[in-house]
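Examination of the molecular architecture
Letter by letter, the chains look like this.
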Amino acid sequence: MAPGPAGRTPVFERRTTGAGGGAAEKVVALTFDADMTADQGPRAASGERFDNPELVALLRRLKVPSTVFMTGRWAEEYPAQAKAIGTDPLFEVANHSYSHHAFSSPCYGLPVVEKNAMSRDVERAFTAFRKAGVRNVVPYFRFPGGCYDDTALRALAPANVTAVQWDVVSGDAFATDADAVAEQVLDGVRPGSLVVMHCTRSAAPATEAAVRRIVPELRERGYRFVKVSELMEDSS
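Described below are features of the structure shown in this document. Everything numeric in this text was worked out from a predicted model, so none of it was measured. (Residues numbered from 1 in each chain as written. Predicted model: local features only at pLDDT ≥ 70, side-chain atom pairs only at ≥ 80, totals over all residues. Heavy atoms only, no water.)

**With respect to the packing of aromatic side chains**
Filter applied, for reference: For Phe, Tyr and Trp, where Trp contributes only its six-membered ring, two rings pair if their centres lie within 6.5 Å, and the inter-plane angle classes them as stacked under 30 degrees, edge-to-face over 60, or tilted in between. Exposure is judged per residue with a 1.4 Å probe applied to protein chains only, and the accessible area is read against the type maximum: over 50% gives exposed, under 20% gives buried, and values in between give partly exposed. The rule is short: NZ of Lys or CZ of Arg within 6 Å of the ring centre and within 35 degrees of the ring normal puts a charge over the ring.
One pass over the structure, following the stated rule, counts six aromatic pairs. With a centroid separation of 5.1 Å and an interplanar angle of 50 degrees, the aromatic rings of Trp-74 and Tyr-78 are classed as tilted. Owing to a relative accessible area of 9%, Tyr-78 belongs among the buried residues under this scheme. Members of the aromatic cluster, each reached through a chain of ring pairs, are Phe-103, Phe-141, Phe-143 and Tyr-148. A cation over a ring is seen here: Arg-124 above Tyr-98, with NZ or CZ 3.7 Å from the ring centre. Directly above the ring of Phe-69 sits Arg-142, whose terminal nitrogen or CZ lies 4.0 Å from the centroid.

**Comments concerning the state of the cysteines**
For the record, the criterion: By definition, disulfides here are pairs of cysteine sulfur atoms that lie within 2.5 Å. Working definition: helices are DSSP H or I runs of at least four residues, strands are E runs of at least two. Numbering for both runs from the N terminus.
Tallying each qualifying case throughout the model produces one disulfide. Bridging Cys-107 to Cys-147, the disulfide has an S-S length of 2.1 Å. Its S-S torsion of approximately 80 degrees makes the covalent link between Cys-107 and Cys-147 right-handed. Here Cys-107 is found in the loop between β4 (91–95) and α5 (118–132), whereas its partner Cys-147 is found in the loop between β5 (137–141) and α6 (150–155), with 40 residues between them in sequence. Free cysteine Cys-199: the closest other cysteine sulfur is in Cys-107, separated by 18 Å.

**Observations concerning helix α2 (residues 53–62)**
Heads up, the condition is: This arc corresponds to the set of directions leading from the helix axis out to the C-beta atoms.
Residues Leu-55, Val-56, Leu-58 and Leu-59 constitute the buried set of α2. Take α2 and look down its axis: the buried residues cluster within an arc of 155 degrees, on one side only. At the C-terminal side of α2, Lys-63 shows a positive phi close to 55 degrees.

**Details of the pairing of strand β3 (residues 66–70)**
Using the following cut-off: We call two strands paired when DSSP finds no fewer than two bridges between them.
Burial analysis of β3 places five of its five residues in the buried class, which makes it a mostly covered element. Judged by which residues are buried, β3 turns out to be covered on both faces: Ser-66, Val-68 and Met-70 on one side and Thr-67 and Phe-69 on the other are all buried. Pairing of strand β2 (residues 27–34) with β3, which is carried by four bridges, proceeds in the parallel orientation. Within β3, the residue paired with Thr-31 across the bridge is Thr-67. For β3 and β4, the ladder comprises five bridges, and the chain directions are parallel. Each residue of the ladder has a partner; that of Met-70, found in β4, is Asn-95.

Pasting the structure below:
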């Protein structure tokens, strides 16, 4: 996307039109945040799982193109998984910051990145991807917690990324009822929708089961799954 007003980082939330400016097609992008903060290493070392390989395997079996918004810290903790995701043409990897700290405050109690460190934090994540061997990287960025303000949009302009939000909240974070998550997604999806979900077992244990229901039901309704890069094409 082109830079936003006054050089601010542009923000994309949903595809509202189809090619040529007509109605949006029945396409939907499922996106998955691979969250891990810079200080969660000891928790991972003690056995807490911030990955979800079963979910990734399910997406492969169901042949669902997806965009994974990955933190740099996650790529460092799970380099083999990061590389496997980031070299599989079914997926594309986008930036979710290095440390999953907030870019505006308040934001769910997250520590805050200083304004002059925001662009560097994003680049640090891209560097972690390169070191892990992730190749299918797209220049998109998701704010931790979805929290941002004008200051953050200006501070991130040098990073040359597009901020990607969403119009459908899955509610999978810390949820244990997979059917409730699935119903929230199924009720919210519209042509051109962008769904936010998570691929961290410790924080979103019901996501895999929810996806097992979401994918066939949306396909039955005539929806086609796409990556964010395709959703963004010809959108306005």
